[in-house]
Amino acid sequence: MKEKLIPQIQQVFCQLKPECLYKEKILAYGFCLTIGDQHFNLDKTANVYLLAMGKAAAFEAKAIYEILENSDIKVKDALVITKYHHALKELPFKTIESSHPVVDKNSLLAGNQALSFIEKISSNDFLIFCLSGGASALVEAFPKEVNFEKIQGINQKLLSSGIGIEDFNLIRKSISKIKNGGLFKNLKSPSVSLITCDIPSGNLQSVSSAPS
């Protein structure tokens, strides 16, 4: 009986890992990228960029790298933003680690880096965007008039108040240059977003406050 259950248990654990699902759902051959039932025929001259944000970002970026390795699709540049102690040394991409669940100075550095990364992608290029939970705190940029220390205090009070994550993210969206589509505001290229949802309701608009 135990022997019969082991494959089932392994399958459940795999489904809980975004990188496992990536390898099940994503196929790359030649210059074609297939994600589920969607097919992207990339131009041979297009530069492919990878941006991964969230607590699972490094593992997802590694999965994308391994999936593309045997195809003609090569990542020109990538940026990975994840939680402290969640980086992968073997990953050949620039990685920024920052704070969760309360923003810190590295969160602001990550936010500015992410905005700059998006800005440099041209209309002829293609972006693969991997988003998982936690990026609301890990990646942030505020308007100049917002006081960072005051925002930290508000975040800490909201976290201790027991407010639901979706309501918390609504507040976050109202004071951010990243959230609620802000990150993609100046994106010129076509893109695909791979969103790992950790919200109980399954609402993708609430995952990391919807930067894309």
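Scroll up for the structure.
Residues numbered from 1 in each chain as written. Predicted model: local features only at pLDDT ≥ 70, side-chain atom pairs only at ≥ 80, totals over all residues. Heavy atoms only, no water.

(A) Seen up close, the packing of aromatic side chains. Scanning all chains against the criterion turns up 4 aromatic pairs. Seen in terms of ring centroids, Y49 and F117 are 5.8 Å apart; in terms of plane orientation they differ by 85 degrees. Their pairing is edge-to-face. Here Y49 is found in strand β4 (residues 48-53), whereas its partner F117 is found in helix α4 (residues 105-119), with 68 residues between them in sequence. (Phe/Tyr/Trp six-rings, centres within 6.5 Å; stacked < 30°, edge-to-face > 60°. Helix = DSSP H or I, 4+ residues; strand = E, 2+ residues; numbered from the N terminus.)

(B) The arrangement of the packing of helix α2 (residues 18-25) against helix α3 (residues 57-68) in detail. Between α2 and α3, whose axes approach to 8 Å, the crossing angle comes to 25 degrees. One element, α2, and the other, α3, form an angle in the roughly parallel class. Relative to α3, α2 is oriented so that their crossing is right-handed. Residues P18, E19, Y22 and K23 of α2 lie in contact with α3, whose contacting residues are F59, E60, A63, I64, E66 and I67. Here the residues of the contact of α2 with α3 are counted per class, giving 6 nonpolar, no polar and 4 charged. (Axes fitted to C-alpha atoms, helices over the stretch in contact; angles between N-to-C directions. Parallel < 35°, antiparallel > 145°, perpendicular 65-115°, else oblique. Left-handed = near helix turned anticlockwise from the far one by under 90°. Contact = heavy atoms within 4.5 Å. Nonpolar A, V, L, I, M, F, W, Y, C, P; charged D, E, K, R; others polar.)

(C) Up close: the sheet that holds β4. Strand order in the open sheet made by the 5 strands is β6-β5-β4-β7-β8, with parallel pairing throughout. The outermost strands of the open sheet, each flanked by one partner alone, are β6 (94-98) and β8 (191-195). Strand-to-strand, the axes of this sheet are offset by a mean angle of 10 degrees, without reference to chain direction. As paired strands, strand β7 (residues 126-131) and β8 are joined by 5 bridges and run parallel to one another. Its bridge partner lying in β8, I128 is registered against V192. Packing of α3 onto the sheet brings it into contact with β4, β5 (75-83), β7 and β8, and relative to β5 it is tilted by some 155 degrees. (Pairing = 2+ DSSP bridges.)

(D) Representation of the sheet that holds strand β2 (residues 32-35). Reading across the sheet, the 3 strands line up as β1-β2-β3 and stay open at both edges, with antiparallel pairing between neighbours. The strands lining the two open edges of the sheet, one partner per strand, are β1 (26-29) and β3 (38-41). This sheet shows a mean twist of 15 degrees between the axes of neighbouring strands, independent of strand direction. With 4 bridges connecting them, β2 and β3 associate as antiparallel partners. When the sheet's bridge partners are listed, T34 is paired in β3 with H39. Along the sheet face, α2 touches β1 and β2 and points at about 50 degrees away from the line of β1.

(E) Examining α4 more closely. When the terminal C-alpha atoms of α4 are compared, their 22 Å separation across 15 residues agrees well with the 21 Å that a helix rising 1.5 Å per residue should span. Taken together, the buried positions of α4 are occupied by S107, L108, A110, G111, A114, L115, F117 and I118. (Expected span 1.5 Å × (residues − 1). Buried < 20%, exposed > 50% of the residue type's maximum accessible area, 1.4 Å probe, protein only.)

(F) How the structure looks around the side chain of S107. Note that S107 resides in helix α4. Residues in contact with S107, not counting those within four places in the same chain, are S98, S99, A137, L138, V139 and E140.

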